[in-house]
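Coordinates in review
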There are 2 protein chains.
Amino acid sequence: MTTTQPAPEDRDLPFNVFAKSCPSRVTLEHVTGRWGALTLGALYEGSLRFNELRRRVDGVSEKMLSQTLHALERDGLVHREAQLTNPPRVDYELTELGREVAEHLLALIRLLEDRMDTVIEARERYDAARGAR
Amino acid sequence: MTTTQPAPEDRDLPFNVFAKSCPSRVTLEHVTGRWGALTLGALYEGSLRFNELRRRVDGVSEKMLSQTLHALERDGLVHREAQLTNPPRVDYELTELGREVAEHLLALIRLLEDRMDTVIEARERYDAARGAR
């Protein structure tokens, strides 16, 4: 079932995101990519239709959201449910694994939102030390 | 201290990564970007020099690692320690906030590595259903 299995460096597992050829790295990129984290986080609240999701993930283009959803669906993190109504209705929801991934992402998102004052102070110090605008 | 403060949608916090103009979204992208997550994860094990880090984050170019480190340093997640030796020696290490962020990322990385069999099975089902290679 598994394909490339890089030698584990420091743990007794066959997959290792630090190895560039490991398939887990691609999934890490889908999950944490520019729109992946926000899409998974938004779907954690419940299933959404494409346009609802697009409004929730402020700033995403139709094309990028579509690509993001395909990658997450292919990795088994998002389930696409098409209903044969007229007009057709398509809902997106997290799979069980998708929910576990989203929980970790939301914990990270909450931490960053809570600590943005620290981040903004650090940026100001960094820019001041370099005489930047 | 804070700059743009988008209206919180569902939580009583001034920062919201789902709003495109919120400064927390930029930090989320630094942290979860293509190389940010791996760099923070690698530094969790201890301080590293640039070339050590480059070997650990397999596949990163010198330019991308340098850009990643600057962004993480500016956000106050990585500390750069330059020693005035000859040749000069520069170490990178996580700040306290960087460690907290890295803990969340490593939990996510471990989950993905542990569940890659599920992901690979999902990919095979997806491709088979679409008659892809």
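Every value quoted in this text rests on a predicted model; they were computed, and no experiment measured them.

There are two copies of the chain, and a rotation about an axis plus a shift along that axis relates them. Superposing chain A onto chain B takes a rotation of 180° combined with a translation of 0.0 Å along the rotation axis, leaving an RMSD of 0.0 Å. Taken together, the rotation and translation describe the operation of a two-fold axis. Every residue of chain A has its C-alpha some distance from the rotation axis, and the shortest such distance is that of T32(A), at 2.5 Å. An overlap of 98% is found between the interface residues of chain A and their copies at the interface of chain B, pointing to a shared contact surface.

Here helix α5 (residues 96-114) of chain A contains 19 residues, and its C-alpha end-to-end distance of 27 Å stays within 8% of the 27 Å for a straight helix at 1.5 Å per residue. For α5(A), every residue scored as buried is listed here: L97(A), G98(A), V101(A), A102(A), L105(A), L106(A), L108(A), I109(A), L111(A), L112(A) and E113(A).

Further remarks concern the interface of chain A and chain B. Taken residue by residue, the interface counts 64 residues in chain A and 63 residues in chain B. Carbon and sulfur atoms make up 61% of the surface buried where chain A meets chain B, a total of about 6200 Å² over both sides. Taken as a group, F18(A), R74(A) and E113(A) account for 13% of the area that chain A buries against chain B, more than any other trio of residues on that side. Where chain A packs against chain B, one counts 10 salt bridges. Where chain A touches chain B, the interface holds 23 residue pairs in polar contact (both at pLDDT 80 or more). Where the side of chain A that touches chain B is concerned, the elements lending two or more residues are α1 (23-32), α2 (36-43), α4 (62-74), α5 and α6 (116-129) of chain A. Ranked by residues supplied to the side of chain A that touches chain B, first place goes to α5(A) with 13 residues.

By the definition in use, this model includes zero aromatic pairs over all chains. In this structure, R99(A) packs its charged tip against the face of Y44(A), placed 4.2 Å from the ring centre. The ring of Y126(B) carries the charged tip of R130(B) above its face, separated from the ring centre by 3.8 Å.

Quick look at the confidence of the model for chain A now. Put simply, chain A has an average pLDDT of 88, and 89% of its residues get 70 or more. Long-range and interchain partners of residues 1-11 of chain A, a stretch whose pLDDT sits below 50, account for 23 contacts in this model, where long-range means more than four residues apart.

Residues and elements named next belong to chain A. Considering all chains together, one arrives at 16 salt bridges over all chains under this definition. The residue E62 makes a salt bridge to R54 at a minimum N-O spacing of 3.5 Å. The class for R54 is partly exposed, based on a relative accessible area of 32%.

All names here are of chain B. The three strands lie next to each other as β1-β3-β2, forming an open sheet whose pairing is antiparallel. The sheet terminates laterally at β1 (48-49) and β2 (78-83), the two strands that pair on one side only. Relative to strand β3 (residues 89-94), β1 runs antiparallel, the two sharing two bridges. Bridge assignment links L48 to a residue of β3, and that residue is Y92. Against the sheet, helix α2 (residues 36-43) touches β1, β2 and β3, its axis set at about 95° to β3.

Okay, empty space enclosed by the protein next. All told, the structure shown has one cavity of 30 Å³ or more when counted by the stated rule. Of the volumes computed, that of the largest cavity is approximately 30 Å³. Only α1 of chain A together with α2 of chain B provide two or more residues apiece to the lining of the largest cavity. Partitioning the lining of the largest cavity into residue classes produces three nonpolar, three polar and three charged.

Cut-offs and rules
Residues numbered from 1 in each chain as written. Chains lettered and ligands numbered in written order. Predicted model: local features only at pLDDT ≥ 70, side-chain atom pairs only at ≥ 80, totals over all residues. Heavy atoms only, no water. Least-squares fit on C-alpha atoms with pLDDT ≥ 70 in both. Contact = heavy atoms within 4.5 Å. Helix = DSSP H or I, 4+ residues; strand = E, 2+ residues; numbered from the N terminus. Expected span 1.5 Å × (residues − 1). Buried < 20%, exposed > 50% of the residue type's maximum accessible area, 1.4 Å probe, protein only. Buried area = accessible area lost by both parts, 1.4 Å probe. Salt bridge = Lys/Arg side-chain N within 4 Å of Asp/Glu carboxyl O. Polar contact = N/O pair within 3.5 Å; in protein donor to acceptor, adjacent residues only side chain to side chain. Phe/Tyr/Trp six-rings, centres within 6.5 Å; stacked < 30°, edge-to-face > 60°. Lys NZ or Arg CZ within 6 Å of the ring centre and 35° of its normal. pLDDT = per-residue confidence, 0-100. Pairing = 2+ DSSP bridges. Axes fitted to C-alpha atoms, helices over the stretch in contact; angles between N-to-C directions. 1 Å grid on protein atoms, 1.4 Å probe; cavity = no way out; pocket = protein on both sides within 12 Å on 5 of 7 lines; lining within 4 Å. Points joined across faces, edges and corners; volume = space filled by probe spheres on them. Nonpolar A, V, L, I, M, F, W, Y, C, P; charged D, E, K, R; others polar.

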